[in-house]
Amino acid sequence: MARQVTDFISGVLVNDGPEERITQILTRHLVEELGHSKAQIRTRPQWRVPRSPGTARSRGFPVDVIVFRDEAGYDDAAAAYM
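Conventions used here
- Residues numbered from 1 in each chain as written.
- Predicted model: local features only at pLDDT ≥ 70, side-chain atom pairs only at ≥ 80, totals over all residues.
- Heavy atoms only, no water.
- Helix = DSSP H or I, 4+ residues; strand = E, 2+ residues; numbered from the N terminus.
- Contact = heavy atoms within 4.5 Å.
- Polar contact = N/O pair within 3.5 Å; in protein donor to acceptor, adjacent residues only side chain to side chain.
- Salt bridge = Lys/Arg side-chain N within 4 Å of Asp/Glu carboxyl O.
- Buried < 20%, exposed > 50% of the residue type's maximum accessible area, 1.4 Å probe, protein only.
- Core = buried A, V, L, I, M, F, W, Y, C linked by side-chain atoms within 4.5 Å.
- Phe/Tyr/Trp six-rings, centres within 6.5 Å; stacked < 30°, edge-to-face > 60°.
- Lys NZ or Arg CZ within 6 Å of the ring centre and 35° of its normal.

**What to know about the environment of D16**
Part 1 of the argument: Note that D16 resides in the loop between β2 (13–15) and α1 (18–33).
Part 2 of the argument: It is 5.6 Å that separates the C-alpha atoms of D16 and R3, two residues lying 13 residues apart in sequence.
Part 3 of the argument: Other than its neighbours up to four places away in sequence, D16 contacts R3, Q4, V5 and R21.
Part 4 of the argument: A polar contact is formed between the side chain of D16 and the side chain of R21, at a distance of 3.4 Å.

This is the structure:
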C-alpha cells in the first residue's frame, strides 16, 4: 500500500511521492514565508484550466496548486494569480 501524507492546505490524505512532496514544500512556503492564507490556496480538489477558451473548466487540465488574490475569490478564475 502506498504511503500517504496529509495535504498541508486541504487536510486530505494523499498518496506520497516526489511530485506530492514538492507540492507540500511549495504550499508551506506560500503560507509560512510569503504570508498567503490557506484559504487563498487550492490543492484539493484540483483546480482545472479549460483546454481552450469557451470550454468547461471541469473538462480541463488539473493544476496542482493555485493561489487566489484573496479569500473571497477562491473559486473565481479572474481572481487567480496567473
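**Some remarks on the pattern of salt bridges**
Part 1 of the argument: Under the counting rule described, the total for this entry stands at 5 salt bridges.
Part 2 of the argument: The salt bridge involving R3 is made with D16; its shortest N-O contact spans 2.6 Å. Separated by 13 residues along the polypeptide, R3 in the segment before β1 (4–6) and D16 in the loop between β2 and α1 bring together distant segments of the chain.
Part 3 of the argument: On the basis of relative accessible area, R3 is assigned to the exposed category, the value being 56%.
Part 4 of the argument: Linked through salt bridges whose partners overlap, the residues forming this network are R3, D16 and R21.

**Thoughts on unusual backbone geometry**
Negative phi values dominate among residues other than glycine, just as trans dominates among peptide bonds.
Part 1 of the argument: Of note, the amide linkage connecting R44 to P45 takes the cis form, showing an omega dihedral of -5 degrees.
Part 2 of the argument: Inspection of the secondary structure puts P45 in the loop between β3 (41–42) and β4 (47–49).

**Here's the deal with the nonpolar core**
Part 1 of the argument: Judged by nonpolar contacts, F8, I9, L30, V31, I41, V65 and V67 together constitute the single largest core of 7 residues.
Part 2 of the argument: Setting aside anything within four residues of it in sequence, one finds I9 in contact with T27, V31, K38, I41 and T43.

**As for the packing of aromatic side chains**
Part 1 of the argument: Evaluated as defined, the whole model comprises 1 aromatic pair.
Part 2 of the argument: Their ring planes at 75 degrees and their centres at 5.3 Å tell us that W47 and F68 sit as a pair that is edge-to-face. Of the two residues, W47 is situated in strand β4 and F68 in the segment after β6 (66–67); the sequence distance between them amounts to 21 residues. Like W47, the residue F68 is buried in the burial classification.
Part 3 of the argument: Here the basic side chain of K38 rests over the ring of F8, its NZ or CZ set 4.2 Å away from the ring centre.
Part 4 of the argument: Lying over the aromatic face of F61, R51 brings its terminal NZ or CZ to 4.6 Å of the ring centre.

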